[in-house]
Amino acid sequence: MRGLAILCAIVVGGILLWGSTDFPAWGRLDSPASVNLSDQYIEHAFEETHVPNLVSAILADYRNYDTMFETTVVFTACTAIFLILRLPLGPLARHRNTTHVQAARQRLPRDPILEMACRVLFPPTHLFGLYVLTHGHYSPGGGFQAGVILGASFILLAIGFDLRAILARFPEGLFVPMTALGVLLYIGTGVLCLVLGGNFLDYEALRVLAPGISKEMIRSHGILIVESGVTLTVGSVIFAIYANLVSRGNQMEGL
Amino acid sequence: MSFFESHFIYGFFVALLMIGLYGAIAKVNLVKKLIGLSIFQTAIILFYVSIGKKDGADIPILPYDHGHSGHMLAPMAEQYINPVPHVLMLTAIVVGVATVGVALAVIQRIYAEYGTVEEDLILEKIANS
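Trainee: Before we move on, can you summarise the nonpolar core with the specific residues and values?
Mentor: Within the largest apolar cluster, 62 residues are counted, with the highest numbers of intra-cluster contacts made by Leu-163, Ile-166 and Phe-239 of chain A. Considering each element in turn, this core owes the most residues, 14 residues, to helix α10 (residues 215-246) of chain A. Ranked by size, the runner-up nonpolar core spans 5 residues in total, among them Leu-30, Ile-107, Val-117 and Ile-122 of chain B.

Here is the structure:
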């Protein structure tokens, strides 16, 4: 098995290395990936959307169908984990109940230094997540990154205290609907554009709701709305994945 | 610039991809297989991000002075690296995290069912049952 694996890896690697000799030199200005479309984005994205961070502008405006379905994939992954681990099924339910009775007996004592450190770190982490979301138009950032930071701030609390302590404040009844709410906010924006007479996710149609805003700025605000949806989904999905994985789905006892 | 200088970077991605492929095939432990797949994915993500590089270009975020938006020069394509691979990989990384979560959930389910995550022991148990 090991010999076969080494052979497979060497054959695939050899073919790829041979293929890479035809690639353009690394960093060339006229490499096929960096002509046509990318030049159009770089030269016109700012004047069309007023978003200096071109990655945000492309992510949530020009390629917003792509991002919408990526968000849906994240939501679907969360649903899949919920169906695999959370729903009580025969052998898994028996297994996790017995192991968690054992785990509860061997619980570590609480550590005040660790708890205080997590308590102090949580608000700045949370605030930084919101900053990354709202300042994602002007600096590196955006919905996905902000969602991961927000999810990580909850995971930090869950590690520092225990899972039940954080679930008492941020219960499953809140974060599971939030995963769906983010997708709903994203697709709802698209449908609202459709209802107001534009194309799906064409933010310029939203000008009917805010007449004083130029058509570039309304695209900028539209990007913020859908990025907020992405943040809601990603943040709550990251925490939902963590909460279900560490407790084998019963959400009683964490790491 | 010699051919080696301009192309050696692709060798790194191929090497990383080979490590991941070897891990995914050779390792018997399902968690190690999953780590192999994640390394494979990382190789592809790095390759995509590297495609966006342009010599002498800056990150694709235009300098913007809050409140003085009228004084900005029109951006030139050769000043900024290609943002499109970054957009594609930004979403792929987060989706990768979510799919690794699903894989770990499936592994937990397998562990609950068979009491092990070693592939050969699982196959033995299936054959015996």
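This is not the end of the story, as more comes after the structure.
Trainee: Could you give an account of the packing of aromatic side chains, with specific residues and numbers?
Mentor: Scanning the entire structure with this criterion turns up 16 aromatic pairs over all chains. Taking the centre distance of 4.9 Å and the plane angle of 75 degrees together, the rings of Phe-23 of chain A and Tyr-10 of chain B count as edge-to-face. Residue Phe-23 of chain A is found in the loop between α1 (2-20) and α2 (37-49), and its partner Tyr-10 of chain B is found in helix α1 (residues 3-26); the two belong to separate chains. Residue classification places Phe-23 of chain A among the partly exposed positions, given a relative accessible area of 31%. Summarising the aromatic geometry, the rings of Phe-154 of chain A and Phe-239 of chain A are spaced 5.8 Å apart at their centres and angled 55 degrees between planes, so their arrangement reads as tilted. Of this pair, Phe-154 of chain A sits in helix α7 (residues 143-160) while Phe-239 of chain A sits in helix α10; the two residues are 85 residues apart in sequence, bridging distant segments of the chain. One exposure class covers both Phe-154 of chain A and Phe-239 of chain A, and it is buried. In this structure, Arg-219 of chain A packs its charged tip against the face of Tyr-62 of chain A, placed 5.5 Å from the ring centre. It is Lys-53 of chain B that lies over the ring of Trp-26 of chain A; its NZ or CZ is 5.0 Å from the centre.

Trainee: Go over the packing of helix α4 (residues 64-86) of chain A against helix α3 (residues 84-114) of chain B with me, naming the residues and quoting the values.
Mentor: The interhelical angle for the contact between α4 of chain A and α3 of chain B, taken along N-to-C directions, is 10 degrees, at an axis separation of 9 Å. By the criterion of interaxial angle, the relationship of α4 of chain A to α3 of chain B is roughly parallel. Here Asp-66, Glu-70, Val-73, Val-74, Ala-77, Ala-80, Ile-81, Ile-84 and Leu-85 of chain A of α4 of chain A come into contact with α3 of chain B, specifically with Leu-88, Thr-91, Val-94, Val-95, Ala-98, Gly-101, Val-102, Ala-105, Val-106, Gln-108 and Arg-109 of chain B. In the contact of α4 of chain A with α3 of chain B, the residues fall into 14 nonpolar, 3 polar and 3 charged.

Trainee: Which residues make up unusual backbone geometry, and what are the values?
Mentor: Residues and elements named next belong to chain A. Its identity as a non-glycine residue notwithstanding, Asn-36 has a phi of 60 degrees, on the positive side. Turning to its location among the elements, Asn-36 is positioned in the loop between α1 and α2. Residue classification places Asn-36 among the exposed positions, given a relative accessible area of 60%. Although it is not a glycine, His-50 sits at a positive phi angle of roughly 60 degrees. With respect to the helices, strands and loops of the structure, His-50 is situated in the loop between α2 and α3 (54-62).

Trainee: Give me the pattern of salt bridges: which residues, what numbers.
Mentor: Side-chain pairs of opposite charge can arise where the charged atoms are in close proximity. All names here are of chain A. Enumeration according to the criterion identifies 9 salt bridges over all chains in this entry. The shortest N-O distance in the salt bridge between Arg-28 and Asp-30 comes to 2.9 Å. Looking at Arg-28, the relative accessible area reads 41%, which means it is partly exposed. Arg-219 is the partner of Asp-61 in a salt bridge, and the nearest nitrogen-oxygen pair spans 2.8 Å. Here Arg-219 lies in helix α10 and Asp-61 lies in helix α3, a separation of 158 residues in the sequence. On the accessibility criterion, Arg-219 (13% relative accessible area) is buried. Ionic contacts of the salt-bridge type, sharing partners, join the residues Asp-61, Glu-204 and Arg-219 into one network.

Trainee: Hey, could you go over a nonpolar patch on the surface for me, with residue numbers and the actual values?
Mentor: Together, Met-1, Leu-4, Leu-7, Val-11 and Ile-15 of chain A make up an exposed nonpolar region whose accessible area comes to about 530 Å². Topologically, Val-11 of chain A is positioned in helix α1.

Trainee: Would you mind going over the interface of chain B and chain A in detail, with residue names and values included?
Mentor: The interface is formed by 54 residues belonging to chain B together with 62 residues belonging to chain A. Of the roughly 5400 Å² buried at the junction of chain B and chain A (both faces included), carbon and sulfur atoms supply 77%. Linking chain B to chain A there are 1 salt bridge. The partner of Asp-39 of chain A in a salt bridge is Lys-54 of chain B, with the nearest N and O atoms 3.9 Å apart. At the junction of chain B and chain A, the tally comes to 13 residue pairs in polar contact (both at pLDDT 80 or more). Counting residues per element, the ones that place at least two in the side of chain B that touches chain A are α1, α2 (30-51) and α3 of chain B. Its residues assigned to classes, the side of chain B that touches chain A comprises 37 nonpolar, 10 polar and 7 charged.

Trainee: Talk me through the side chain of Asn-82 of chain B; I want residue IDs and the actual numbers.
Mentor: Within the secondary structure, Asn-82 of chain B sits in the loop between α2 and α3. Judged by its relative accessible area of 1%, Asn-82 of chain B is buried. Among the polar contacts listed, one links the side chain of Asn-82 of chain B to the backbone nitrogen of Val-84 of chain B, at a separation of 3.1 Å. Apart from residues lying up to four places away in sequence, Asn-82 of chain B is in contact with Ala-33, Ser-34 and Ser-38 of chain A together with Gly-52 and Lys-54 of chain B.

Cut-offs used in this document
Residues numbered from 1 in each chain as written. Chains lettered and ligands numbered in written order. Predicted model: local features only at pLDDT ≥ 70, side-chain atom pairs only at ≥ 80, totals over all residues. Heavy atoms only, no water. Core = buried A, V, L, I, M, F, W, Y, C linked by side-chain atoms within 4.5 Å. Buried < 20%, exposed > 50% of the residue type's maximum accessible area, 1.4 Å probe, protein only. Helix = DSSP H or I, 4+ residues; strand = E, 2+ residues; numbered from the N terminus. Phe/Tyr/Trp six-rings, centres within 6.5 Å; stacked < 30°, edge-to-face > 60°. Lys NZ or Arg CZ within 6 Å of the ring centre and 35° of its normal. Axes fitted to C-alpha atoms, helices over the stretch in contact; angles between N-to-C directions. Parallel < 35°, antiparallel > 145°, perpendicular 65-115°, else oblique. Contact = heavy atoms within 4.5 Å. Nonpolar A, V, L, I, M, F, W, Y, C, P; charged D, E, K, R; others polar. Salt bridge = Lys/Arg side-chain N within 4 Å of Asp/Glu carboxyl O. Patch = residues over 30% accessible without salt bridge, like charges linked within 9 Å, V, L, I, M, F, W, Y side chains within 5 Å. Areas by Shrake-Rupley, 256 points an atom, 1.4 Å probe, with all protein chains shown as cover. Buried area = accessible area lost by both parts, 1.4 Å probe. Polar contact = N/O pair within 3.5 Å; in protein donor to acceptor, adjacent residues only side chain to side chain.

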